[in-house]
Amino acid sequence: MKKYVGGGYELKKNRRWSALKVLRVVSLAFVVVAGSCAIKTRSSSEKNKTQVQKPNIILFFVDDLGWSDLGFRNPRFESPNIDFLSARGINFEQAYIASPTCSPSRATLQTGLHPARLKMVRHIPGGAKNGFDNYGRTNNPYNFLETDPAHVPSANWLPLQYTTYAEALKELGYYNSFIGKWHLGHEGFYPVNQGYDEQYGVSNFGHPHAYYPPYFMPSTDSSLLHVKGKYLTDLLTDKAVSFINNYKKDAPFMLTCSYYAVHTPHEGRRDLVAHFEKKGLEGKRAHHAAMVKATDESVGRILEAINKKGINDNTIIIFLSDQGGFFENKPFRGGKLNGEALYEGGARVPFFFYWPGVTRENTLSNTLVQSTDLFPTLVEIAGGQAGKYAPLDGVSLVPHIKSGQPIQREAIFGYRAYEDLYASVRSGAWKLLAFRSGKTELYNIKNDREESDNVAAKNPHILGQLKSRLITWEQAMGVSEYSGFR
């Protein structure tokens, strides 16, 4: 495969990629649930016409899918469609979420602004004790968390003043559809209030009550009230496939498929749970694997739909997760619920980017990228200027995607407000972890991706540099009053 080094790519052999290449040669097809579906070819005149058209864009945003929760990285899971998609274009091996938790990760994806700048540093909680009614609504602009030692206020909705990528793309001629989990505020702050032309499956809650109906109790979406027996992931995919099949507008579309899966409750589709139980998995792990496989089937169905529609050669596919997984995330340390979300296991996520005619298959990039980069990337793809929306906290990945150009940035920052560990700074191979109590840890991720050897005492100069960068960044974000360093 091609591996990014410095200013270009080099070829590197890998048995996993070779296996996928064999699959591609044999079938020349997307791997889909019902079987392979041949990729259509076009004449030269048709290709030239496609080149001047703005591409359609489909974004898969999966909840709580860990970096290693995929078949090609962990044999416990079965995800042939996502695995194949990862090999179609660029696999960003070192992709990070700016704040690995539900609402902040979504707010950043929508706006290109860091959660610290947005003052959304925790998930929107819900519940009467936080001032929410039974429908997940509140008049309180901020929430607080008792276990947060800094008592940082966190926003309860994404204010309408911020520009979303849907609003930016609409100005550039795109039609925007949103399906699934929003978790950025109740009615009045929904996708249709933030630039989207349509929405489906949106609720005021961060996760469903169950993956079989009734999904939400109570529900704010009347279209979900009378569904019988349908698995939620499949229901959302039905809507996405219908959107593709029936889309007849001249404008290009941006379709955001934001799945509630694989967030708790761990409730897999019944047939898939039985499948994994036969393979020896039990309890929540069987359900979790089933949820991953159901999500993978959904990706396959949508890829099949664009192929049948004849638009696969002018449709960009982007896939990533909102944070690390619920269970262990080997080979990394940390995860969602153990107070170590800013370690690699919580902050590093799967991120794949396929742009027909632009990306090269089997490309592996080890450059540092962050969820803040999606907004400027989408704007540039759509023909706009990301600078129009400054300040942004990310950079466009388009030059890197097209030609492997290095990304010019000093560091990427992680930030959240739940416990003592609250910030991270990643610069080159080095990673600083900062605690509200003033404690610091330093790791060389290139040599120690497991973050098992804290080398802060051995590298005081590097520790000081990264600490200084964090302090300066906190000032720029307006959160210095909550810093662990004073």
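Cut-offs and rules
Residue numbers restart at each chain and count upward from 1, following the sequence in its written direction. Local features are withheld for residues below a pLDDT of 70 in this predicted model, meaning they are given only at 70 or higher, and side-chain atom pairs are given and counted only at 80 or more; totals for whole chains, interfaces and linings count all residues. Neither water nor hydrogens contribute to the side-chain values; these are computed over all heavy atoms in the structure. In DSSP terms, a helix is any run of H or I states spanning at least four residues, a strand is any run of E spanning at least two, and both are numbered starting from the N terminus. In this scheme, a residue with accessible area under 20% of its type's maximum is buried, one over 50% is exposed, and one in between is partly exposed, where area comes from a 1.4 Å probe on protein chains only. Working rule for contacts: check all heavy atoms of both residues, and any pair within 4.5 Å makes them a contact. Within 3.5 Å is the distance limit for a polar contact, defined as a pair of N or O atoms, with the added protein rule that one can donate a hydrogen and the other accept it, and that residues adjacent in sequence qualify only through two side-chain atoms. The angle between two axes is taken between their N-to-C directions and runs from 0 to 180 degrees, where each axis is a line fitted to C-alpha atoms and a helix contributes only its stretch in contact. Orientation is classified from the angle alone, with under 35 degrees giving roughly parallel, over 145 giving roughly antiparallel, 65 to 115 giving roughly perpendicular, and any other angle giving oblique. Take the far helix as the reference: if the near one is turned anticlockwise from it by less than a right angle, the crossing is left-handed, and if turned clockwise, right-handed. Asp, Glu, Lys and Arg are counted as charged, while Ala, Val, Leu, Ile, Met, Phe, Trp, Tyr, Cys and Pro are counted as nonpolar; the rest, among them Gly, fall into the polar class. Residues belong to a common nonpolar core when they are buried Ala, Val, Leu, Ile, Met, Phe, Trp, Tyr or Cys residues joined through side-chain atoms within 4.5 Å. Any Lys or Arg side-chain nitrogen found within 4 Å of a carboxyl oxygen on Asp or Glu counts as a salt bridge. Only when DSSP finds a minimum of two bridges between them are two strands counted as paired. For this analysis, a ring pair means two rings from Phe, Tyr or Trp (six-membered ring only for Trp) whose centres lie within 6.5 Å, classed as stacked if their planes differ by under 30 degrees, edge-to-face if by over 60, and tilted for the remaining angles. Comment: the charge-over-ring label is applied if NZ (Lys) or CZ (Arg) is within 6 Å of the ring centre and within 35 degrees of the ring normal. Cavity and pocket criteria rest on a 1 Å grid covering protein atoms alone: a 1.4 Å probe that fits but cannot get out defines a cavity, protein on both sides within 12 Å along at least 5 of 7 lines defines an open pocket, and an atom within 4 Å of a point defines a lining residue. Grid points are joined across faces, edges and corners, and a volume is the space filled by probe spheres set on the points.

Peer 1: What is the right way to look at the environment of Trp 157 in this model?
Peer 2: Its place among the elements puts Trp 157 in the loop between strand E9 (154-155) and helix H6 (165-171). Looking at Trp 157, the relative accessible area reads 15%, which means it is buried. Linking Trp 157 and Leu 184, residues 27 residues apart in sequence, is a C-alpha distance of 5.0 Å. Each residue touching Trp 157, except ones within four places of it in the same chain, is listed here: Met 120, Ile 124, Thr 138, Asn 139, Asn 140, Pro 141, Leu 184, Gly 185, His 186 and Phe 189.

Peer 1: So what exactly am I meant to see when it comes to the environment of Lys 239 here?
Peer 2: Its place among the elements puts Lys 239 in helix H7 (residues 232-246). Measuring from C-alpha to C-alpha, the distance between Lys 239 and Tyr 200 comes to 7.7 Å, with 39 residues separating the pair along the chain. Not counting the four nearest positions on each side in its chain, Lys 239 is found in contact with Ile 179 and Tyr 200.

Peer 1: It is not clear to me how the side chain of Asp 148 should be interpreted in this structure. Could you clarify?
Peer 2: When you line up the elements, Asp 148 lands in the loop between strand E8 (142-143) and E9. Judged by its relative accessible area of 0%, Asp 148 is buried. Polar side-chain contacts of Asp 148 include one of 3.4 Å to the side chain of Arg 122. One polar contact links the side chain of Asp 148 to the main-chain amide nitrogen of Val 152, over a distance of 2.7 Å.

Peer 1: Which parts of the structure should I look at to understand the packing of helix H8 (residues 270-278) against helix H9 (residues 283-309)?
Peer 2: To describe two helices that pack against each other, one gives the angle between their axes and the distance between the axes. With their axes 8 Å apart at the nearest point, H8 and H9 run at an angle of 125 degrees to one another. Taken as axis vectors, H8 and H9 run oblique relative to one another. Viewed along their axes, H8 and H9 form a crossing whose handedness is right-handed. Facing Leu 272, Val 273, His 275, Phe 276 and Glu 277 of H8, the residues of H9 in contact are Ala 286, His 287, Ala 289, Ala 290, Lys 293, Ala 294 and Glu 297. For the contact of H8 with H9, the per-class residue count stands at seven nonpolar, two polar and three charged.

Peer 1: Any chance you could explain the nonpolar core here in plain terms?
Peer 2: Looking at soluble globular proteins, one finds that nonpolar side chains tend to be buried together. Ranked by size, the top nonpolar core spans 54 residues in total, and within it Ile 58, Phe 60, Ile 244, Leu 255, Ile 302, Ile 317 and Phe 319 carry the most contacts. Broken down by element, the residue count for this core peaks at eleven residues, all from H9. The contacts of Ile 302, once residues within four sequence positions are left out, are Ile 58, Phe 60, Thr 237, Ala 240, Val 241, Ile 244, Cys 257 and Tyr 259. One finds Ile 318, Val 379, Val 398 and Ile 401 within the second-largest nonpolar core, a separate group that totals 50 residues.

Peer 1: Looking at this structure, I do not really get the pattern of salt bridges. What am I missing?
Peer 2: A pair can form between side chains of opposite charge whenever their charged atoms are brought close. Scanning the model with the defined rule gives 29 salt bridges in all. Between Asp 234 and Arg 269 there is a salt bridge whose closest N-O contact spans 3.3 Å. With Asp 234 in helix H7 and Arg 269 in the loop between strand E12 (253-258) and H8, this pair connects stretches of sequence that are 35 residues apart. Per residue, the accessibility class of Asp 234 equals that of Arg 269, and both read buried. Taking the shortest distance from any N to any O, the salt bridge between Glu 441 and Lys 439 comes out at 3.9 Å. Salt bridges sharing partners connect three or more residues here, namely Asp 63, Arg 106, Lys 181 and Asp 322.

Peer 1: When you look at the packing of helix H3 (residues 80-88) against H9 in this model, what are you seeing that I'm missing?
Peer 2: Interhelical geometry of H3 versus H9 gives an angle of 55 degrees and a closest axis separation of 7 Å. Accordingly, the angle class assigned to the pair H3 and H9 is oblique. Two secondary-structure elements touch here, H3 through Pro 80, Asn 81, Ile 82 and Leu 85 and H9 through Asp 296, Glu 297, Val 299 and Gly 300. Residue classes in the contact of H3 with H9 are distributed as four nonpolar, two polar and two charged.

Peer 1: Mind showing me how you'd approach the sheet that holds strand E7 (residues 95-96) here?
Peer 2: Across a sheet, paired strands are connected by hydrogen bonds in the backbone, their directions being either parallel or antiparallel. The strand order E14-E7-E17 describes an open sheet built from three strands, whose pairing is mixed. Unpaired on one side and paired on the other, strand E14 (348-349) and strand E17 (369-370) mark the two borders of the sheet. With two bridges connecting them, E7 and E17 associate as parallel partners. Bridge assignment links Ala 95 to a residue of E17, and that residue is Val 369.

Peer 1: Teacher, can you tell me more about the packing of aromatic side chains here?
Peer 2: To describe a pair of aromatic rings, one takes the distance between the centres and the angle between the planes. The tally for this structure, following the rule as stated, stands at 25 aromatic pairs. Plain terms: the ring middles of Trp 157 and Phe 189 are 4.9 Å apart, the flat faces sit at 15 degrees to each other, and that makes the pair stacked. Of this pair, Trp 157 sits in the loop between E9 and H6 while Phe 189 sits in the loop between strand E10 (175-180) and strand E11 (198-200), placing them 32 residues apart in sequence. Of the two residues, Trp 157 and Phe 189, both sit in the buried class. Considering the side-chain rings of Phe 413 and Trp 473, the 4.8 Å spacing of their centres and the 10 degrees angle between planes classify their relative orientation as stacked. Of this pair, Phe 413 sits in strand E18 (residues 412-415) while Trp 473 is found in helix H13 (residues 460-477), placing the two residues 60 residues apart along the sequence. Residue classification places Phe 413 among the buried positions, given a relative accessible area of 12%. Judged by its relative accessible area of 10%, Trp 473 is buried. Put simply, the rings of Phe 60, Phe 72, Phe 319 and Phe 352 pair up and form one aromatic cluster. Looking at Arg 73, its charged tip hangs above the ring of Trp 67, at a distance of 3.7 Å from the centre. The ring centre of Trp 67 lies 6.0 Å from the NZ or CZ of Arg 348, which sits over that ring.

Peer 1: What is the right way to look at empty space enclosed by the protein in this model?
Peer 2: Per the counting criterion, the structure on display carries four cavities of 30 Å³ or more. Taken as a whole, the largest cavity holds about 80 Å³ of empty space. Breaking the lining of the largest cavity down by element, the ones donating at least two residues are helix H10 (344-347), E18 and strand E19 (421-427).

Peer 1: Help me understand the pairing of E18, please; the structure alone is not making it clear to me.
Peer 2: Regular strands place side chains that alternate from one sheet face to the opposite one. Going residue by residue along E18, you find Ile 412 and Gly 414 tucked away on one face and Phe 413 and Tyr 415 tucked away on the opposite face as well. In this structure, E18 lies alongside E19, joined through four bridges in antiparallel fashion. From the neighbouring strand, Tyr 415 faces E19, where its bridge partner is Ala 423.

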